[in-house]
Amino acid sequence: MKTVFIGAGSMAESLLAGALRNGALSKENIYMTNRTNKTRLVELQQKYDINISYDDETLLNGAEIVILAMKPKDVAPALKVLKAFISENTLIISVLAGISIHYIEDTLEFKGGIVRAMPNTSATIGKSATGIAFNDGVTHKKLNLVLSLFNSIGMTAIIEEEKLDIVTALSGSGPAYFYYIVEVLLKTAEEMGLDQSLAKPLLVQTLLGAGEMLATSGQEAKTLRENVTSPGGTTEAGLLALEKNHVNRALYECLHEAAKQSKCLRELYQSQANAK
């Protein structure tokens, strides 16, 4: 099944590596291109033994799957080229933030299968949380293929496209929120006298353990929190400090503002693309 990656950044590579690792795609059928960075293409060709090309005919003729992984601002010229090669059987998968299924359908004048996926940067280590939306042109067989592809870089959740802004705010941007919390806790621990060489592994293991408890215990976060919190104890003191400083409100605003920005960027990217 000929699969074409348009774009060769870190997300494209993560998806490529995962798909090859679990057998979702075969290297001899994979083609990749980018806008101008041939050095990057050659690097990926040598690393994964795939095909690379800047020739549209070589790249796109007979393509059964096309993965849009360029920068959102570059989508319009890419779709203009793609339009001449697609058929009703082509499956288009977009990992572009802010570019809607409707925009792709309308630009390509295409009624075939289109999927929008929102992975996160943890795809690099096979731990992405990916939201997936699709149009009516995606058959059951094609959907299973898409799920296999994105399950190779983590877990997937099928959602309505209008909720992708929320997914972007929650899991797309989510790793950065946790990195920020870790930054603050490590800096504070160091100021209190605990060397980072000791504080970091302790904190990382604490995060891994908490995540595993959430994933496997069958208990809600509230219950797990309460189980750790003894009246008058250290955990309660820390949680009271969080409440006093309105951390719950800050997290509420965090998600709302990120989702709002996702909507704004969608409008911006599509207006820029329409102008080209």
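Here the structure is a predicted model, which means the values were calculated and not measured.

*Asks:* Any chance you could break down the sheet that holds strand β8 (residues 154–158) for me, citing the residues and the numbers?
*Replies:* Reading across from one edge, β3-β2-β1-β4-β5-β6-β7-β8 is the order of the eight strands in this open sheet, with mixed pairing throughout. The open sheet has two edge strands, β3 (51–52) and β8, and neither has a second partner. Of the strands in this sheet, β4 (65–68), β5 (91–94), β6 (113–118) and β7 (128–134) touch helix α5 (residues 101–108), which is tilted by about 145 degrees from β6. This element, helix α6 (residues 140–151), spans β4, β5, β6, β7 and β8 of the sheet and lies at about 145 degrees to β8.

*Asks:* Break down the nonpolar core for me, citing the residues and quoting the values.
*Replies:* By size, the foremost hydrophobic cluster in this structure holds 32 residues, and its most contacted members are Phe5, Met32, Ile93, Leu149 and Phe150. The set of elements that each furnish at least two residues to this core consists of α1 (10–22), β2 (30–33), α2 (38–48), β4, β5, β6 and α6. Apart from the residues lying within four places of it in its own chain, the contact partners of Phe150 are Leu15, Ile93, Val95, Ala117, Pro119, Thr130, Ile132 and Thr156. Counting 25 residues, the second largest nonpolar core, distinct from the first, contains Leu60, Val66, Ala78 and Leu96.

*Asks:* So what's going on with the pattern of salt bridges? Which residues, and what values?
*Replies:* Using the criterion set out here, one finds 11 salt bridges in the structure. Put simply, Lys27 and Asp49 hold a salt bridge, and the shortest N to O gap is 3.4 Å. Of this pair, Lys27 sits in the loop between α1 and β2 while Asp49 sits in the loop between α2 and β3, placing them 22 residues apart in sequence. Residue Arg116 pairs with Glu161 through a salt bridge whose shortest N-O separation is 3.0 Å. Residue Arg116 is located in strand β6, and its partner Glu161 is located in the loop between β8 and α7 (164–172); the two are separated by 45 residues in the primary sequence. A single salt-bridge network, built from bridges that share partners, covers Glu13, Arg40, Glu43 and Lys47.

*Asks:* Can you lay out the environment of Gly112 for me, pointing to particular residues and giving the numbers?
*Replies:* The topology assignment puts Gly112 in the loop between α5 and β6. Owing to a relative accessible area of 5%, Gly112 belongs among the buried residues under this scheme. Spatially, the C-alpha atoms of Gly112 and Leu208 are 41 Å apart, while their sequence positions differ by 96 residues. Setting aside anything within four residues of it in sequence, one finds Gly112 in contact with Glu88, Asn135 and Gly137.

*Asks:* Go over the packing of helix α8 (residues 174–191) against helix α9 (residues 196–216), please, and point to the residues and values.
*Replies:* Closest axis-to-axis distance for the α8/α9 pair is 10 Å, and the angle between their directions is 140 degrees. In this view, α8 runs oblique relative to α9, as classed from their interaxial angle. Judged by the sense of rotation from one axis to the other, the crossing of α8 with α9 is right-handed. Side by side, α8 and α9 meet where Val182, Leu185, Leu186, Lys187, Ala189 and Glu190 of the first sit next to Gln196, Ala199, Lys200, Leu203 and Leu207 of the second. Its residues assigned to classes, the contact of α8 with α9 comprises seven nonpolar, one polar and three charged.

*Asks:* Tell me what's going on with the UniProt feature "domain: Pyrroline-5-carboxylate reductase dimerisation" (unreviewed entry) in the chain, and back it up with residues and numbers.
*Replies:* Here, UniProt's "domain: Pyrroline-5-carboxylate reductase dimerisation" (unreviewed entry) annotation points to residues 161–263. Regarding residues 161–263, the helix share stands at 82% and the strand share at 0%, and the terminal C-alpha atoms are separated by 12 Å.

*Asks:* I'd like to hear about the pairing of β8, residue by residue, with values.
*Replies:* Strand direction decides the pairing type here: β7 and β8, joined by five bridges, are parallel. By the bridge assignment, Ser128 is partnered in β8 with Gly154. Once you follow β7 into α6 and on to β8, the crossover reads as right-handed.

*Asks:* Please set out the UniProt feature "domain: Pyrroline-5-carboxylate reductase catalytic N-terminal" (unreviewed entry) in the chain residue by residue, giving values where relevant.
*Replies:* On the UniProt side, "domain: Pyrroline-5-carboxylate reductase catalytic N-terminal" (unreviewed entry) is annotated at positions that read residues 4–98 here. Taken end to end, residues 4–98 comprises 39% helix and 18% strand; its first and last C-alpha atoms sit 21 Å apart.

*Asks:* Any details on the state of the cysteines? Residues and values, ideally.
*Replies:* All chains considered together, the criterion is met by zero disulfides. Cysteine Cys254 is unpaired, with the sulfur of Cys264 as its nearest cysteine sulfur at 16 Å.

*Asks:* Requested: an account of the packing of α1 against α2, with residues and values cited.
*Replies:* Where α1 meets α2, the closest approach of the two axes is 12 Å, and the angle between their N-to-C directions is 15 degrees. Relative to α2, α1 is oriented roughly parallel. Considering only the axes of α1 and α2, their crossing is right-handed. Only Arg40, Leu44, Lys47 and Tyr48 of α2 make contact with α1, whose side of the interface consists of Ser10, Glu13, Leu16, Ala17 and Leu20. Class assignment for the residues of the contact of α1 with α2 results in five nonpolar, one polar and three charged.

The rules we used
- Residues numbered from 1 in each chain as written.
- Predicted model: local features only at pLDDT ≥ 70, side-chain atom pairs only at ≥ 80, totals over all residues.
- Heavy atoms only, no water.
- Pairing = 2+ DSSP bridges.
- Helix = DSSP H or I, 4+ residues; strand = E, 2+ residues; numbered from the N terminus.
- Contact = heavy atoms within 4.5 Å.
- Axes fitted to C-alpha atoms, helices over the stretch in contact; angles between N-to-C directions.
- Core = buried A, V, L, I, M, F, W, Y, C linked by side-chain atoms within 4.5 Å.
- Buried < 20%, exposed > 50% of the residue type's maximum accessible area, 1.4 Å probe, protein only.
- Salt bridge = Lys/Arg side-chain N within 4 Å of Asp/Glu carboxyl O.
- Parallel < 35°, antiparallel > 145°, perpendicular 65-115°, else oblique.
- Left-handed = near helix turned anticlockwise from the far one by under 90°.
- Nonpolar A, V, L, I, M, F, W, Y, C, P; charged D, E, K, R; others polar.
- UniProt positions renumbered as here; feature names shortened; annotations may be inferred.
- Right-handed = clockwise from strand over helix to strand, strands pointing away.
- Disulfide = S-S within 2.5 Å.

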